[in-house]
Amino acid sequence: MLIFKEVNALRTYLEASEEAGKTVGFVPTMGALHEGHMALIRASNASNDITLSTIFVNPAQFNEQSDFDSYPVQIEQDAAKLELENCTVLYLPKVEEVYPSGDYEKPVFDFKGLDSQMEGAFRPGHFFGVGEVIKRFIDLMPFHRMYLGAKDYQQVQIVKRVVEQFDYDVEVVSVPTEREAGGLAMSSRNLLLSKEAKEAANVIYQTLSWVRDHYSFDQLDQLLEAAKAKINHSEHLEVEYLIAADASTLQILKNAEPTPVVLCISVWANGVRLIDNIVIEREYSIG
Ligand code: AMP
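Remember, it's a predicted structure, so these values are computed and weren't measured experimentally.

A. Geometry of the nonpolar core. Grouped together as the largest cluster of nonpolar side chains are 46 residues, with contacts concentrated most on Leu-52, Met-141 and Met-146. When residues of this core are assigned to their parent elements, the largest contribution, seven residues, is made by helix α7 (residues 126-140). Counting contributing residues, this core receives three or more from each of domain 1 (2-175) and domain 2 (188-284). Once residues within four sequence positions are removed from consideration, Leu-52 is found in contact with Leu-10, Leu-14, Val-24, Gly-25, Phe-26, Val-27, Val-89, Tyr-91 and Met-141. Within the second largest apolar cluster, 29 residues are counted, among which are Leu-220, Leu-263, Val-267 and Leu-274.

B. View of the pattern of salt bridges. Using the criterion set out here, one finds 16 salt bridges in the structure. In this structure, the salt-bridge partner of Asp-110 is Arg-161, at a minimum N-O distance of 3.7 Å. Note that Asp-110 is positioned in the loop between α5 (95-98) and α6 (118-122) and Arg-161 in helix α8 (residues 153-165), a separation of 51 residues in sequence. When its relative accessible area of 10% is taken as the criterion, Arg-161 is described as buried. Two residues, Arg-145 and Glu-171, come together in a salt bridge whose shortest N-O distance is 3.0 Å. Placement of the pair is Arg-145 in strand β5 (residues 145-149) and Glu-171 in strand β6 (residues 171-175), with a sequence separation of 26 residues. One network of salt bridges, in which partners are shared, links Asp-110, Lys-112, Arg-161 and Glu-164.

C. Quick look at the domain arrangement of the chain. Looking at the chain, the domain boundaries give domain 1 (2-175) and domain 2 (188-284). Domain 1 puts 24 residues into the contact, and the matching count from domain 2 is 21 residues. Buried surface at the junction of domain 1 and domain 2, summed over both partners, amounts to about 1,900 Å²; 57% is from carbon and sulfur atoms. For the domain 1 face of the interface with domain 2, the top three residues by lost area are Met-118, Phe-122 and Tyr-153, together amounting to 35%. At the junction of domain 1 with domain 2, the criterion picks out two salt bridges. Where Glu-119 meets Arg-273, a salt bridge forms, and the shortest distance between an N and an O atom there is 2.9 Å. Summed over the shared surface of domain 1 and domain 2, the number is 11 residue pairs in polar contact (both at pLDDT 80 or more). For the side of domain 1 that touches domain 2, the elements supplying multiple residues, two or more each, are α3 (65-70), α6 and α8.

About the cut-offs
- Residues numbered from 1 in each chain as written.
- Predicted model: local features only at pLDDT ≥ 70, side-chain atom pairs only at ≥ 80, totals over all residues.
- Heavy atoms only, no water.
- Core = buried A, V, L, I, M, F, W, Y, C linked by side-chain atoms within 4.5 Å.
- Buried < 20%, exposed > 50% of the residue type's maximum accessible area, 1.4 Å probe, protein only.
- Helix = DSSP H or I, 4+ residues; strand = E, 2+ residues; numbered from the N terminus.
- Domains from an automatic or database assignment.
- Contact = heavy atoms within 4.5 Å.
- Salt bridge = Lys/Arg side-chain N within 4 Å of Asp/Glu carboxyl O.
- Buried area = accessible area lost by both parts, 1.4 Å probe.
- Polar contact = N/O pair within 3.5 Å; in protein donor to acceptor, adjacent residues only side chain to side chain.

This is the structure we're talking about:
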């Protein structure tokens, strides 16, 4: 695996690869890599000649300094995992390369309301930071496809919108969520959980699945209340939000029409914020 710490050298390499007719799949990460990230690397390897990954804890997308400060960093372990998974290139950007002072102008996004609920509402500025870093990466490095995890459902829709708004020739591919055996979505933040909280957090996905299996629009309010109660029953967990939204506009569901529906959840687990979601492809009925 080639490791670049400097964008000009990386760009020269990528441009030469492009001229040689090779396709490049891009997997952006913030490190502390786990099987979820490896699923993205495998998806990229399956469809591209070159897989380019980045590890960059993007300061622009953290709305809490303490969250940024406690974010796990383990570059050497991460590089070893990427190498084992046959990632071709790793770029470790410096903050100054991504956000140069001077002539760099902040982008203006039109997210068309995709950012108004859920993570956008509870983490002010978060999606501007996500959009900004993704736009910078697209402007800095040539690649053909970008691989993102469905675990961050709203993020995938935001990135697709950035690509559409700026008319970039990049395909955004969403990869299914990798889970622990008990159902908990894999996340770098799981490293910060106590053993008890991690065990308890399995109820999050079990409960989302339960709502999906019993879904009916008429019963939605009661189902969501019962789901929150099931999760809050654990002394380690507290639901921040549980929302059923139209899976394409990400607006809170107001009538039975939109399908698919996405259920999005954020839960505090002993001071660690976990998110997950499940897509309901059609109406399920009881019995
Ligand atoms: P992060 O390092 O948390 O910023 O995540 C980098 C990428 O990995 C994002 O596109 C995430 O959605 C994706 N990702 C994180 N966790 C998972 C998971 N459990 N399964 C699949 N993809 C994931």
